[in-house]
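Letter by letter, the chains look like this.
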Amino acid sequence: MRAITFNVFRFDPASGAPSRLVPYTVNVNEGARVLHVLHAIHDELDPTLSYRYCCGSGQCGSCAVRVNGEPALACMEEAQDGMTILPLNLPVKKDLVVDLLPKLEQIASLQPKEALVMPTKADIDAIKPLRDCIECLSCVSVCPAMDVTKFIGPTAMRQEQRLALDPRNASDRIPVAIEEGLFFCTTCQACLKVCPKKIETPGKAIEKLRSLANQRGFTLPRHQEVATLVRETGRSVPRSEPTFLEQVGDVVEPIGTPKATVGFFVGCMYNMRLPKTALDAIEVLKRNGIRVIIPKEQVCCGSPLIRTGQLSFVDTLKKRNIDTFRFRKIDTVMTMCAGCGSTLKNDYKTPFAVMDISEVLTKYGIEPPARLPVTATYHDPCHLMRGQGIKDQPRELIRQVVDLVEMPSICCGSGGGVRSGNPDEAAALGARRGAEIKKTNADVVISSCPFCEFHIAGHTEKPVKNITTVLLEGYKEKDRKAGVEPERSVKGK
Amino acid sequence: MHAADAQDCHVLVIGSGGAGVRAAIEAAAYGETILVTKTIAGKGGCTPMAEGGYNAVLREADSCGIHFEDTMKGGAWLNDPALVQALVTEAPKRIDDLIHWGAVFDFTDTDEVAQRPFGGQRFPRTCYAGDRTGHEMMTTLMEQLDSAEVTKLQEVTVIDLLKDGDHVNGALVLDERGHLVTLTADSTILATGGGTRVYDISTNSSSGTGDGYAIGFRAGAELIDMEMVQFHPTGAVYPYDARGRLVTEAVRGEGGILKNNLGERFMTQYDPERMELSTRDVVARAIATEIAQGRGTPHGGVWLDVTHLPRAQIESRLPVMLEQFLKFGVDIREQPMEVAPTAHHIMGGLRITTECRTTLPSLFACGEVSGGVHGANRLGGNALAETQVFGKRAGEFAGNAKKRTKKVDAAQVNDHQQLLRRYLAGSESPAQVRKSLQLAMWQGVNIFRKDSELRHARTIIEQLSQASLRAQTAQNLAECCIVRNMCDTASLICRSALLRLESRGAHMRVDVQQKWDAQHSPFSHTYISRKREGIESAGGSI
């Protein structure tokens, strides 16, 4: 037996008293789960503690709570001393018990056809990955789109795709799914990350439903414009100024002995909207011994099309990009756009490794920059943190140049075609992001995604900068202090 | 009581597992139906936790006759043959219903419902959805329930049945806040599931507290074969606080083997023919014997090993097992599991006809709360089938009943209000009473039984039944009522175990010498009600 202390959320709306966190210390056995600690508190210290559970083995979805802020099934999560246990972010009925019923009732039912149409094994295999849902509503509790729109939520959308795939179902799900907010999802993947069954709702349900909607001509006009642009120019944004690719050579040699060689996949946004940022990145790579090959034939990665369900041209883009790097025998392709990186890693089958620039820089190490006298906060891009699992590397770089103050990792609202397709929603989520930034009192906002940087800049008074831009400022400051002339050219040979 | 604290309907279904929801879907066609459940509907009961499968005769090479014989033999010929006949005949029709409604069972490469071998069956007739078969069924049933005209009263606890003379007129329930409410109905269906939570080590969900046995008994219904408790051979032993968690028979169905700490495949000693796929009573006794004789693993179990199977087979057929064990630090693709017997299923229950009529007028029962389908030992895969076959039957026959004028017995309501007041003024922690009960049952009414230990357990249960349970607030009243049900259920099991002076199926009396095998036993069902208790002779006479 060992002693464990939990801080547990207590609240009874009937009492009129405010909620409070109460510390409890109990003895439990080795390997005890969060649920067993709650049992011990209830049985030995306070029988008025309310919490919900049933199967105790991760199969019924009754006991989801927030453990240290993150949704988890109490029956499966190992208990650790000092944990804070809160209810899911849903209406609280009492203590850890939340009201699940309104959202459970919104999950659609299969309406059987009069005569049974037997599914095939292929149908069954397609539906199965969407069928494991235990309706714990962890996904619903973290979905940002649901906070600012009428989006019905991740698991209800999962069910819509499950029904759309089933030949036994009589009703047409696509118009219903659109009505329920199919285009409101930012594909931030918060739902997937908290799902105890790891159901890939954004990729396997939302994007697939959008693709079915596309086949029926329901794609949003603004998204169709982007698809036309990609088809005609290979790029998802129009050219308005000299692009990054026009300004650099095919190879940028580093200063000193090269530590590594990477191919650079720049992406439409850094190439055409924020070329200055990409040029800053090249400066930082040069200074840190990374040799960069920049094939000019590269095109849009296809992310804006995949996220919005417009798949017909995607294979062409994939082949062009893969061939471009394979032809140069490049074994590591570096991205600096979170969206491109996530797409290359998750939607492509590449014959080369794909690394985000923060992975490259932390893997090979960077020359320490001068510390800048500012405080920064960092916005985790969804497609970097959740799409690629990269959370620590950007912070490791940032902490070398400025003081970092953290804020909650929430979606800024720019992804999934939402900024172009549903600007009101994007603005509402951006405003929430802006409010969190304000709370930090930081001087500058740092991120690592062109969509986030561009979008957040419209919702905060603080300057929004890419990590590499801040690192470069640190190097310039270092050089200034040392009396070194700044080097101007970034052009390769 | 206010007028708002009373609701009337045609059919009242108590319980939201596979049987209850199936009954409610059926009953809704006949009139206003209320489904009342102490959990969120679809999340409670044992159906969503059921992993392995659903037995149904679907192939030419199989037959209902063989399924019947397998079930009777597995049940040590204690089963009610008419109930078994209904089970095997209708299981295929009811799985057709599920498939029509969208259930995603695993399919073969030739687009047929896949089946796998389970213990005690001569044909691989267990249909499955990976190892989350019950969850798949429950999800499907809930979708149909949501489309049906059924009122759901969720997280509401039934505490007793309403009676008017012999007739059951509905139920008394506690709502979430602990207020007493009456639900009146022309027909009432008990579908409350099982009760092996009365044991210290159990596979059951929190709702497996034997409520239906207890409230049925208190209302005057007769129960049969309550001593027949199935100990599932393979329950998890680690972590300690999650002990008893089900490790599905599908693990052995897929080819898993059992070994003791000497690495011996010990089933050769107990059933060399059927080995790991012998019936559950045999495998459970074998494992318990190995552990008792010092050949157990570090955490007090035996090894269950699938490491010789292809990784892809484990990943696709046993995904829940893989995920659960990974969470507890064991990769079953590379390491064996540690398992030991765990209380799993109560074969006994309310005596029913094939129309699911209990011995009380207007009270029906289906699913685990009823007795007679499985005899002295249940075959894996027959319980999920039972929920559908008898759930449908209960809904239909309860629905067919005539509308009646019902009278609520004021004295009965008053008695219950007094009971609740006593709880609010009580002194003993229901949690502590529950734990003492669970230990007494585990120690005294386990796999191997004898008269002296059963009597000792009965004494403890009687003492615990007298405890002055305390409800700290009105919201704790349901907990007191449930502990009361657990005490009553434990008592029914223990008293019935004393009545059966033979070893048969899951009931093993180590202190009784017998000259007969199960097929030639002079005994039939044990029976127990408020009026009488005893054991029937094999011919059916008492």
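In this text the structure is predicted, and so the values were computed from the model without any measurement.

### Section: the interface of chain B and chain A
And step 1. Counting residues at the interface gives 42 residues for chain B, matched by 40 residues for chain A.
And step 2. Those elements that provide at least two residues to the side of chain B that touches chain A are α3 (81–100), α4 (133–147) and α10 (319–327) of chain B.
And step 3. Looking at the side of chain B that touches chain A element by element, the count peaks at six residues for α4(B).
And step 4. Looking at the side of chain B that touches chain A, its residues break down into 14 nonpolar, 17 polar and eleven charged.

### Some thoughts on the nonpolar core
And step 1. Within the largest apolar cluster, 307 residues are counted, with the highest numbers of intra-cluster contacts made by V37(A), L12(B) and I189(B).
And step 2. Among the elements that make up this core, the one with the highest residue count is helix α15 (residues 477–499) of chain B (13 residues).
And step 3. Each residue touching I189(B), except ones within four places of it in the same chain, is listed here: V11(B), L12(B), V13(B), I14(B), A23(B), F364(B), C366(B), A394(B) and A398(B).

### A look at the domain arrangement of chain A
Residue and element names in this part refer to chain A.
And step 1. Domains assigned within chain A are domain 1 (2–99), domain 2 (103–215), domain 3 (244–364) and domain 4 (375–479).
And step 2. If you average the C-alpha positions of domain 3 and of domain 4, the two centres end up 20 Å apart.
And step 3. Counting residues at the interface gives 27 residues for domain 3, matched by 25 residues for domain 4.
And step 4. Counting residues per element, the ones that place at least two in the side of domain 3 that touches domain 4 are α12 (268–273), α13 (275–287), α14 (303–307), α16 (338–346) and α17 (357–364).
And step 5. Tallied by class, the residues present in the side of domain 3 that touches domain 4 amount to ten nonpolar, nine polar and eight charged.

### Points about the environment of D109(B)
And step 1. Following the sequence through the fold, D109(B) ends up in the loop between α3 and β4 (115–116).
And step 2. Residues D109(B) and G210(B) lie 101 residues apart in sequence; the distance between their C-alpha atoms is 42 Å.

### Brief notes about the sheet that holds strand β1 (residues 2–10) of chain A
All names here are of chain A.
And step 1. Read across the sheet, five strands follow the order β2-β1-β5-β3-β4 without closing on themselves; strand pairing throughout is mixed. At either margin of the open sheet sits one strand with a lone partner, and together these are β2 (20–28) and β4 (70–73). Each adjacent strand pair in this sheet contributes to an overall mean axis angle of 35°, direction not counted.
And step 2. In this structure, β1 lies alongside strand β5 (residues 84–86), joined through two bridges in parallel fashion. Within the sheet, the bridge partner assigned to N7 lies in β5 and is T84.
And step 3. Helix α1 (residues 34–45) contacts β1, β2, β3 (64–67) and β5 of the sheet and is inclined by roughly 95° relative to β2.

### A closer look at the domain arrangement of chain B
Residue and element names in this part refer to chain B.
And step 1. Along its sequence, chain B is carved into domain 1 (3–228 + 347–400), domain 2 (237–343) and domain 3 (410–511).
And step 2. Using C-alpha coordinates to define each centre, domain 2 is positioned 31 Å away from domain 3.
And step 3. Of the residues lining the interface, five residues belong to domain 2; the matching set on domain 3 comes to four residues.
And step 4. In terms of residue count, the dominant contributor to the side of domain 2 that touches domain 3 is helix α8 (residues 280–292) (four residues).
And step 5. Broken down by class, the residue content of the side of domain 2 that touches domain 3 amounts to three nonpolar, no polar and two charged.

### What to know about the sheet that holds β4(B)
All names here are of chain B.
And step 1. Across the sheet, three strands lie side by side as β3-β5-β4; this open sheet has antiparallel pairing. A single partner strand is all that each edge strand has here, and the edge strands are β3 (54–55) and β4.
And step 2. The sheet contact formed by β3 and strand β5 (residues 126–127) spans two bridges and is antiparallel. If you follow Y54 over to β5, its bridge partner there is C127.

### Observations concerning unusual backbone geometry
Residue and element names in this part refer to chain B.
And step 1. Along the chain, Y238 connects to P239 via a cis peptide bond; the corresponding omega equals -10°.
And step 2. By the secondary structure assignment, P239 is in the loop between β11 (229–236) and α6 (250–253).
And step 3. Positioned with a positive phi, S362 is a non-glycine residue whose angle comes to about 70°.
And step 4. Relative to the assigned elements, S362 resides in the loop between β15 (349–351) and β16 (363–365).
And step 5. Judged by C-beta crowding, with 24 C-beta atoms within 10 Å, S362 ranks as buried.

### Some remarks on α1(A)
Residues and elements named next belong to chain A.
And step 1. Taking 1.5 Å of rise per residue, twelve residues should cover 16 Å, and α1 covers 16 Å from first to last C-alpha, within 8% of that figure.
And step 2. Every buried residue belonging to α1 is among V34, L35, H36, V37, L38, H39, A40 and I41, and all of these are buried.
And step 3. Against the buried residues of α1 lie β1, β2, β3 and β5.

### Thoughts on the confidence of the model for chain B
And step 1. Mean pLDDT over chain B works out to 96, with 99% of the residues at or above the 70 mark.
And step 2. In the model output, the complex is listed with pTM 0.94 alongside ipTM 0.95.

### Looking at the pairing of strand β10 (residues 290–293) of chain A
All names here are of chain A.
And step 1. Of the two faces of β10, the one holding I290 and V292 is buried and the one holding R291 and I293 is not buried anywhere.
And step 2. Bridge analysis of strand β8 (residues 251–252) against β10 gives two bridges, and the strand direction is antiparallel. Each residue of the ladder has a partner; that of V251, found in β10, is I293.
And step 3. Where strand β9 (residues 260–265) and β10 come together, four bridges link them in parallel fashion. Bridge assignment links T261 to a residue of β10, and that residue is R291.

### With respect to the environment of F266(B)
All names here are of chain B.
And step 1. When you line up the elements, F266 lands in the loop between β12 (257–259) and α7 (267–270).
And step 2. We classify F266 as partly exposed; it has 19 C-beta atoms within 10 Å.
And step 3. Discounting residues that sit within four places of it in the chain, F266 has contacts with L258, N260, A286 and E290.

### Observations concerning the environment of E290(B)
And step 1. Note on placement: E290(B) falls in helix α8.
And step 2. Discounting residues that sit within four places of it in the chain, E290(B) has contacts with N260(B), F266(B), R295(B), G296(B) and V302(B).

### Comments concerning the packing of helix α1 (residues 18–27) of chain B against α4(B)
Residue and element names in this part refer to chain B.
And step 1. In contact at an axis separation of 10 Å, α1 and α4 are set at 25° when each is read in the N-to-C sense. Judged by the inter-axis angle, α1 sits roughly parallel to α4. The interaxial crossing formed by α1 with α4 has left-handed handedness. Between α1 and α4, the residues in contact are G18, V21, R22, A24 and I25 and G134, M137, M138, L141, M142, Q144 and L145, respectively.
And step 2. Taken together, the residues that form the contact of α1 with α4 break down as eight nonpolar, three polar and one charged.

Conventions we followed
Residues numbered from 1 in each chain as written. Chains lettered and ligands numbered in written order. Predicted model: local features only at pLDDT ≥ 70, side-chain atom pairs only at ≥ 80, totals over all residues. Contact = placed C-beta atoms within 7 Å. Helix = DSSP H or I, 4+ residues; strand = E, 2+ residues; numbered from the N terminus. Nonpolar A, V, L, I, M, F, W, Y, C, P; charged D, E, K, R; others polar. Core = buried A, V, L, I, M, F, W, Y, C linked by C-beta atoms within 7 Å. Buried ≥ 20, exposed ≤ 12 C-beta atoms within 10 Å, placed from the backbone. Domains from an automatic or database assignment. Pairing = 2+ DSSP bridges. Axes fitted to C-alpha atoms, helices over the stretch in contact; angles between N-to-C directions. Expected span 1.5 Å × (residues − 1). pLDDT = per-residue confidence, 0-100. Parallel < 35°, antiparallel > 145°, perpendicular 65-115°, else oblique. Left-handed = near helix turned anticlockwise from the far one by under 90°.

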